[in-house]
Amino acid sequence: MNEILRVEELSKSYKKGKKAVDSLSFSVHEGEIFALIGPNGAGKTTTIRMIATLITPTSGDAFVDGHSIIREADKVRSAITYLPDEAGAYKTMKGIDYLYFMAGLFCKTSEETERCVSRAVKMCGLGDRLEERINGYSRGMIRKLLLSRAVMTRPKLAILDEATSGLDVINALDIRKTIKQLSKEEGMSFLLSSHNMLEIEYVSDRVGIMNRGNLMVTGSVEELKSRYSAANLEEVFERVVNSDEIR
Amino acid sequence: MKFGNILKKELRELLTVQTILSMLVVFFVYAFMGKAMGGAINDAVTSGESMTVINLDGSDFTARMLDSLPDYGFTPQISELESENYFTEMERLGTESMIVIPAGFGESAQKGGGAEVEVYTLMNKGGFGSALTGSHAFSGVYAIESYVSDSFQNDVLGLSEEEKAYLSEPVVTAEYVCANGRTENISAESLMSVMMSQSILAPAAVFFLLMMAAQMLMTAISTEKIDKTLETLLSAPVSRLTVLCAKMTAALAVALLNAGFMIGGMMIYMSSMMSSAMSDISASGEAGEAITAAEAAASLGLTLTAGETAVYGLMIFLSIAIGLAISLILGAMATDIKSVQTLLTPVMMLTMVPFLVTVLTDINALPTAFRVILYLIPFTHTYTAMTNLVFGNTGLVWAGVAYQLLFFAVCMYLAVKVFTSDLLFTMSFSVNSPKKKSKSTRNKGLQTEDREQ
Ligand SMILES: Nc1ncnc2c1ncn2[C@@H]1O[C@H](COP(=O)(O)OP(=O)(O)O)[C@@H](O)[C@H]1O
Ligand SMILES: [Mg+2]
């Protein structure tokens, strides 16, 4: 299988001597849903922001579709889309205008823009509400709008930070279904993050467990559960962290 | 094309109902302030000709005087008192000031000694209006004085018309103002009303422009950061410089639009001030003044020439650009809406302190140390530019322009530095430094919340 993302020894220190992310290495294959999981402050967002070319690594590198996030940041940005944690959208815009605005940044021709937007319109399920200002949208509506915007351009890799956090059960389920469907039916690749380990089981093909800036283990959910003889990922996390502290 | 898209989006964000409204408010405040002040003065001048007069003196002399006052340019509205409480009486009569002629007035006036009238002014709403009408009760008093003086000169002294004319104006004052090596036949007082609008109103306009521009851009950029739309935008295939340029261009365009409104309002203000200043002069009929205050100011070089106006405009433009660049950097540091207000404070101090100093004192007369500190603030040069240009301190003005250009270059360099590096996402300032991130319980109850932050 093709590697869409390869992360090599990626590190980041915000302050000297304190590593927020410490030599992370993993890869994401084409059509795969990979999730970084770990508690708040584990370093998931920092890792994701480096891959999204928003901040520069202190050391190490990562390659999206073969392009270095350090040396070819603009090529990386054309290959990815990124949905930040707790992101909003321009409140004074109508939902539909937001989609056109964002599509305009990715697409080269107006036909392409139209295609992207109509895809997003179908996917977000907001219907007529797209003609309203984002001002009046609920959290769940905004997340659906942003998710559809993140996948409408069929990026090589869609990066979603805490995609379902802060949403109610129904909205979270909708989002998870959409992600799963896009991966299965269209072969899209996802890099997700979540601090909710139970929820992420249902959506990810493979996970990487992070704690205090370190990537402890990676593997498929089933593989990890049987390796640590755990009932769910939370138990896996507990055992991984405990064995790390004993070592 | 992407630049155009982003520029459009930025403009849309900046031109909210709120910003447009505040522009209109400023415009109308300036325009109406001129109209209202000009109007108040005109009103006072004209309404001074008619005022409530209470006659408590039964003498024939006073009765004759009240009949003749219209010949002296004053029409008394004779009323009766119903009680001794002048406050309630004035409220009842609906007047803000009145002249009371006490008993015994006629007798004293004819004897030629110590005739007294009383002027009452009602202060129940405070402010300008009552003070103005109060002072204009004196045009009534002036008419009474003239009548008494005339009748004394006629009836008691038996003076001729020439002698009376002489007594009415025994000495004629011709006033001159010298400036910029020239002299004009005008009183300093009437020139001041023209000068004041230059030396106070123009800096005030610049001050408001700066504050509004800074506030607007800072709110916009911090909202983008807090909503994380900035992260989303910068992860898209657009260069950060494009985004920065679009933001700066949009903010400048909106600030200039705002400036347009303000200049429009000020022009209306100035023209109404001018016309009322002129009617003031003609009403008081000061001796020897052959030209209007505006003409005198121009001929004395106390107004800006076209070239000087252009330099002044450039300085205003540079000041706004500097203010915007600083706001861009500071706004990028905001982590919540509350911190925006705090971040605005340094910009506010930098704009307000030199503004107040300029308006209240003459910077060039301050001790050197203060002067240097004030001139290190780039906005100071714009505030003082009007005065410096008018009085020919062109060297100081050009130095100011050069300094502002340099300052702007440094600010833009820093803004580019912030925008093209990690700083945009790592630099932060928040009012309550320990980050409070309360995340509500998720759909699947249990969660490990090991707080590292
Ligand atoms: N802008 C920043 N400046 C300094 N430290 C930061 C910054 N952002 C995150 N950190 C620190 O880096 C660590 C990892 O944070 P983060 O990547 O946000 O974790 P996660 O997304 O897994 O919750 C934390 O200790 C956090 O305090
Ligand atoms: Mg995070």
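Note: the structure precedes this text.
Along each chain, residue indices are assigned from 1 in the same order as the chain's sequence is written. Labels follow written order: the first chain is A, the first ligand is 1, and so on. Local features in this predicted model are restricted to residues whose pLDDT is 70 or higher, and side-chain atom pairs enter the listing and the counts only when it is 80 or higher, whereas totals over whole chains, interfaces and linings include all residues. Note that the side-chain values use all heavy atoms of the structure and ignore hydrogens as well as water.

K.L.:
How should the pattern of salt bridges be read in this particular structure?
P.N.:
A side chain of one charge can pair with a side chain of the opposite charge when the charged atoms of the two come close. All names here are of chain A. Salt bridges, as used here, are contacts in which a Lys or Arg side-chain nitrogen is within 4 Å of a carboxyl oxygen on Asp or Glu. Going through the model one piece at a time under the given rule, you end up with 28 salt bridges over all chains. A salt bridge links D22 to K19; the nearest nitrogen and oxygen atoms lie 3.7 Å apart. A salt bridge links K144 to D174, with the nearest nitrogen and oxygen atoms 2.9 Å apart. Here K144, found in helix α5 (residues 139–151), pairs with D174, found in helix α6 (residues 169–186); they are 30 residues apart in sequence, far enough to count as distant. We call a residue buried when its accessible area falls under 20% of the maximum for its residue type, exposed when it is over 50%, and partly exposed in between, using a 1.4 Å probe and counting protein chains only. The buried category is assigned to K144, whose relative accessible area is 19%. Labels follow the DSSP assignment, with helices taken as runs of H or I lasting at least four residues and strands as runs of E lasting at least two, numbered in each case from the N terminus.

K.L.:
How do you make sense of the interface of chain B and chain A when you look at a structure like this?
P.N.:
When the parts of a complex come together, some accessible area is lost, and that lost area is often used as the size of the interface. Each partner contributes to the interface: chain B provides 34 residues, whereas chain A provides 48 residues. Summing both sides of the interface, chain B and chain A together bury roughly 3900 Å²; the carbon and sulfur share of this comes to 51%. Connecting chain B to chain A are four salt bridges. Note that D422 of chain B is salt-bridged to K12 of chain A, the shortest N-O span being 2.4 Å. Polar contacts, as counted here, are pairs of nitrogen or oxygen atoms within 3.5 Å of one another; within protein the pair requires one atom able to donate a hydrogen and one able to accept it, and residues that are adjacent in sequence qualify only if both atoms are side-chain atoms. Put simply, chain B and chain A have 14 residue pairs in polar contact (both at pLDDT 80 or more) between them. Those elements that provide at least two residues to the side of chain B that touches chain A are α1 (2–14), α9 (229–234) and α17 (423–426) of chain B. Examining the composition of the side of chain B that touches chain A, we find that six residues originate from one element, α1 of chain B, more than from any other. Its residues assigned to classes, the side of chain B that touches chain A shows eight nonpolar, nine polar and 17 charged. A contact between two residues is defined here by any heavy atoms of the two lying within 4.5 Å. Buried area is a sum: the accessible area each of two parts loses on coming together, probed at 1.4 Å, counted once for each and added. Residues are grouped as follows: Ala, Val, Leu, Ile, Met, Phe, Trp, Tyr, Cys and Pro are nonpolar; Asp, Glu, Lys and Arg are charged; all remaining types, including Gly, are polar.

K.L.:
I tried to follow empty space enclosed by the protein on my own but got confused; where do I start?
P.N.:
Rolled over the atoms, a probe sized like a water molecule indicates the empty space that remains. All names here are of chain A. In this analysis the probe radius is 1.4 Å and the grid spacing 1 Å, with only protein atoms considered; a cavity is a set of points the probe fits into but cannot get out of, a pocket is an open set with protein on both sides within 12 Å along at least five of seven lines, and lining residues have an atom within 4 Å of a point. Grid points are joined across faces, edges and corners, and a volume is the space filled by probe spheres set on the points. One pass over the structure, following the stated rule, counts two cavities of 30 Å³ or more. The calculated volume of the largest cavity comes to roughly 60 Å³. Broken down by secondary-structure element, the contributors of at least two residues to the lining of the largest cavity are α6, β8 (189–194) and α7 (197–200). Of all the elements, β8 adds the most residues to the lining of the largest cavity, at three residues. Looking at the lining of the largest cavity, its residues break down into six nonpolar, three polar and two charged.

K.L.:
What should I look at first to understand the sheet that holds strand β1 (residues 3–15) of chain A in this one?
P.N.:
In a beta sheet, neighbouring strands pair by backbone hydrogen bonds and run either parallel or antiparallel. Residues and elements named next belong to chain A. DSSP-based pairing: two strands are paired if at least 2 bridges between them are found. Read across the sheet, four strands follow the order β2-β1-β4-β5 without closing on themselves; strand pairing throughout is antiparallel. Bordering the open sheet on either side are β2 (18–29) and β5 (67–68), each of which pairs with just one other strand. Both strand β4 (residues 59–64) and β5 contribute to a ladder of two bridges, which runs antiparallel. Opposite V64, over in β5, you have H67 as the bridge partner. Fitted lines through C-alpha atoms serve as axes, helices being fitted only where they are in contact, and the angles separating the N-to-C directions of these axes extend from 0 to 180 degrees. Against the sheet, helix α1 (residues 44–51) engages β1, β2 and β4, with an angle of about 120 degrees to β1.

K.L.:
So what exactly am I meant to see when it comes to the environment of S187 of chain B here?
P.N.:
Along the polypeptide, S187 of chain B turns up in the loop between β6 (182–184) and α8 (188–226). Each C-alpha atom of the pair S187 of chain B and T88 of chain B lies 41 Å from the other, and the pair is 99 residues apart in sequence.

K.L.:
I keep staring at the packing of helix α12 (residues 306–331) of chain B against helix α15 (residues 378–390) of chain B and nothing clicks. Help me out?
P.N.:
Residue and element names in this part refer to chain B. As a packed pair, α12 and α15 sit with axes 9 Å apart at the nearest point and diverge in direction by 165 degrees. Considering their axes alone, α12 and α15 lie roughly antiparallel with respect to each other. Between α12 and α15 lies a crossing of left-handed hand. Across from E308, Y312, M315, I316, S319, I322 and G323 in α12, the residues of α15 making contact are P378, F379, H381, T382, A385, M386 and L389. Considered class by class, the residues forming the contact of α12 with α15 number nine nonpolar, four polar and one charged. For classification purposes, angles smaller than 35 degrees are called roughly parallel, those larger than 145 roughly antiparallel, those between 65 and 115 roughly perpendicular, and all remaining angles oblique. Each crossing is labelled by how the near helix is turned from the far one, with a counterclockwise turn of less than a right angle marking it left-handed and a clockwise turn marking it right-handed.

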